[in-house]
Structures are given as structure tokens and as C-alpha cells.
Amino acid sequence: MVTNSILKEIPKVELHDHLDGGLRVQTVIDLAKEQQISLPCDTSEELHDWFVRGGKQKNLHLYLDTFAVTTAVMQTADSLYRVAFEAVEDLAAENVCYAEIRFAPMLHLTKGLQPEEVVQSVLDGLMAGSKKTGTKTGLILCAMRNQDPEISLKVAELAVAFRDRGVVGFDLAGDEIGYPPKKHIKAFQYIRNQNFNITIHAGEAFGVESIWQAIQLCGAHRIGHGTRLVEDMVLEGGHIAQMGSLSHFMLDRRIPIEVCLTSNVGTGATESYATHPFPILFRNNFRCFLCTDNPLMSDTTITKEMALAVKYYGLDFDDLEKLTLNAMKSAFIHNDQKLVLIYDVIKKRYAELRAKYQIQ
């Protein structure tokens, strides 16, 4: 039995967390007031309900509408710094020992900041948050599928330029339908030529072809969401009876899958927690782990995501440790840094909790 106390105390790793999807409601109010930006609601309670209504109603349009508000208040160096700093504080409160936070720098230029200033402001906030809390972080820069591929190339170049200052990878986000990853092939080729890291949102709103392109054409080292991978399998009674070549390839190559339970249910990527493919992937030893995606819009934390996995899929303490190790092994930091976190933080803390709670 994994209690709430245990869930809160276990060390965690978060690798799929959008900066503009995790603001504190009060921060949105404060920044809007400072910048004279009108909000859809007057009180923090009403604004919270407005942000989460899309996920609660399983309405993707309402879910995505809210990002216009968060990005609007993140157009100055000070606001970007504050949001990044608070993001690390919030992660530390959930006992996250390492996190990779992502955002699209080109969405934060409306008040005159240059892309380099945007990235540096976020990195400064993350660094200050890490210094205060001890939670280590990396930053992933996102290109958007609906933007000109030349802009994606500029984001890729920006990511590589900051690789020694805290940026750890490059991502492609946004609507999959009508915007295949191969349209941004120049950006991915640049990243690959620079021996840098790639994660791609794929298999969330579109099928197996999206995942296939992300891996085989664009060279993704991790897949964001990947819920539609089960379409490459024959399932019998919740078990895999047969796998297609893509599933075999991902399993054999240990290609990580960033699973976001609450987000997937709220955006309609999967019908319910009960039908989510996570337990199929996890029980069949795919390299998967849990993430929050957008903590504000999905009204979640990494602790809540683990609690859902315990409730719906019967995960035990050993399973949670495996998920945490899966995530840490999949991080975009150097191997020696991973090993320190794995042995000196994660395994050590899990062992301490086994002794504390007499877990066999």
C-alpha cells in the first residue's frame, strides 16, 4: 500500500513540463496587473476554474485557449524570471530532484525582447530556483508545428548556442494534425549534426505515423505522449499479443515515452484513465515515466500523477522507483550527472523510505 505520505516523500524526476502551462494563478493575476492586461475573471478562485475547465470538460479548444493568457503575461524579462523561479519552487515542494522544463521562446517576443534575452531570463530564474531549493533543472526549447520551418531552425540554433548555459534539448510542440514533424526536418538535422538532444510531441492527437516520423525521419531521442503507439500493437485482454516494427524498435532501443495521464484524459488523447495505454507500456517494459505536461491547466502535480497510477493501475513502491529511474536514465544531461542523481539521491532516498515505512 503506497500512502499519500510516501507519495509525497519519494524523490521524483519531471521531464515534460511546459513553463507556460504551470503558472501559479496568483502570479498570473500579479503579472496581468503590472502589465495592464485584462483577465477573463476577477478572483483567483474564478480564474483557477477558468484555467482548468477545458481539462474538466475534456474540451481541447477550451484547454488550449488558456495559453493565450499565460503567454501574454510572460513577455518581459522580469515576468519570465519570476515564472521560471516559481516553477522550480513548486517542483521542489513535490520532492522533484531533477526537472526539464520546456517553452517556446518565439512566443515571448511581443514586447520587444530578443530570443536570446527570453532564454537567458528563463535560465536565470531556473538557476535561482535551483540555488534556493537544490532541485536541478534543464531547459528544453520548443519550436511550434504551425510556425514557418525556418523559425524552427532558428530555435534549434538558439538551443545549441545555449547548450553550455542550461539548455539541454530541442522539442517540437503544437497541433499534430496537418503539421507533420518532417516539415521541420532542417531544424532536426541541425540538432543531430550538433550531437544535441531531441524530444518531439507525437502520437497524442495523431496516430502511429506521427511517432514513426518523429523517430525515423527527425531522430527523436524521446517521445512526448506517444499514446497512439498502441495502434501499432494487437491487444488481447489488455495484453500485447503482437507488436509492429515501430513498437519493437522503441522497446529494443529503449526510446523513452513521456506519459502525461491527466493531460491525455483532459485533452481527449485518451478516453479515460482506465483506458490509458500507460499500464500496457509500463508492464511490457517500455521505457516510460510520468509527467505533468501543464500543471495549471490539468490541475495536477507529479505527486498526483503518481497517485493516479497507484489508484488505477495498482503500482507499488518498487514500480514508482522504476518509473523514477526510467525518467532519470532518460534525462538530457550528461551520464556522470545522471549517475550522481541515481545513486546519491534517488536510490538512497528510496532505500531510506523503505526502512522508514518498513516496505518489503
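Quick note: structure is the one above.
Asker: I keep staring at unusual backbone geometry and nothing clicks. Help me out?
Answerer: Located in the positive-phi region is Asn195, a residue other than glycine, with phi close to 55°. Looking at where Asn195 falls in the secondary structure, it is placed in the loop between helix 9 (185-193) and strand 5 (198-202). Residues other than glycine seldom take positive phi values, yet Arg254 does so here, at roughly 60°. Positionally, Arg254 belongs in the loop between helix 11 (245-252) and strand 9 (257-259).

Asker: How should the environment of Cys41 be read in this particular structure?
Answerer: In this fold, Cys41 is placed in the loop between helix 2 (25-34) and helix 3 (44-57). In this structure, the C-alpha to C-alpha distance between Cys41 and His184, residues 143 residues apart in sequence, is 38 Å. With near-sequence residues (within four places) excluded, Cys41 lies in contact with Glu46, Leu47 and Trp50.

Asker: Just to check I follow, could you spell out a nonpolar patch on the surface for this structure?
Answerer: The grouping of Ile185, Trp212 and Leu217 at the surface amounts to a nonpolar patch, some 230 Å² of accessible area in total. As for its placement among the helices and strands, Trp212 is situated in helix 10 (residues 208-217).

Asker: What am I meant to see in the nonpolar core here?
Answerer: Nonpolar side chains tend toward joint burial in soluble globular proteins. Core analysis: the largest hydrophobic core is formed by 114 residues, its most contacted members being Met250, Phe278, Phe286 and Leu320. Residue contacts for Phe278: discarding those within four places in its chain leaves Val259, Leu261, Cys288, Leu290, Ala309, Tyr313, Leu315 and Leu323.

Asker: I would appreciate a short explanation of a negative patch on the surface in the present structure.
Answerer: Taken together, the side chains of Asp42, Glu45, Glu46 and Asp49 make up a negatively charged region of the molecular surface. Topologically, Glu45 is positioned in helix 3. Residue classification places Glu45 among the exposed residues on the basis of a relative accessible area of 53%.

Asker: Which parts of the structure should I look at to understand the sheet that holds strand 4 (residues 167-173)?
Answerer: Picture the strands of a sheet paired through backbone hydrogen bonds; they go either parallel or antiparallel. Here we have 8 strands laid out as an open sheet, ordered 1-2-3-4-5-6-9-10, and parallel in their pairing. Each edge of the sheet is formed by a strand with only one pairing partner; in this case those strands are strand 1 (12-18) and strand 10 (288-290). Across the sheet, the mean angle separating the axes of adjacent strands is 25° when strand polarity is ignored. Packing of helix 7 (residues 115-133) onto the sheet brings it into contact with strand 2 (96-103), strand 3 (136-144) and strand 4, and relative to strand 3 it is tilted by some 155°.

Asker: Honestly, helix 2 in this entry has me stumped. Any pointers?
Answerer: The α-helix advances 3.6 residues per turn, and as a result positions three or four apart in sequence lie on the same side. Taken residue by residue, helix 2 has Val25, Thr27, Val28, Leu31 and Ala32 as its buried positions. Buried residues of helix 2, seen end-on, are gathered within an arc of 155° and therefore sit on one face of the element. Facing away from the buried surface of helix 2 by more than 90 degrees, the exposed residues are Lys33 and Glu34. In this structure, the buried side of helix 2 is in contact with helix 3, helix 5 (67-72) and helix 6 (77-93). A positive phi of about 55° marks Gln36, the residue just after helix 2.

Reading guide: rules and limits
Residues numbered from 1 in each chain as written. Predicted model: local features only at pLDDT ≥ 70, side-chain atom pairs only at ≥ 80, totals over all residues. Heavy atoms only, no water. Helix = DSSP H or I, 4+ residues; strand = E, 2+ residues; numbered from the N terminus. Contact = heavy atoms within 4.5 Å. Patch = residues over 30% accessible without salt bridge, like charges linked within 9 Å, V, L, I, M, F, W, Y side chains within 5 Å. Areas by Shrake-Rupley, 256 points an atom, 1.4 Å probe, with all protein chains shown as cover. Salt bridge = Lys/Arg side-chain N within 4 Å of Asp/Glu carboxyl O. Core = buried A, V, L, I, M, F, W, Y, C linked by side-chain atoms within 4.5 Å. Buried < 20%, exposed > 50% of the residue type's maximum accessible area, 1.4 Å probe, protein only. Lys, Arg positive; Asp, Glu negative; His and termini not counted. Charge placed at Lys NZ, Arg CZ, Asp CG, Glu CD. Pairing = 2+ DSSP bridges. Axes fitted to C-alpha atoms, helices over the stretch in contact; angles between N-to-C directions. Arc of directions from axis to C-beta.

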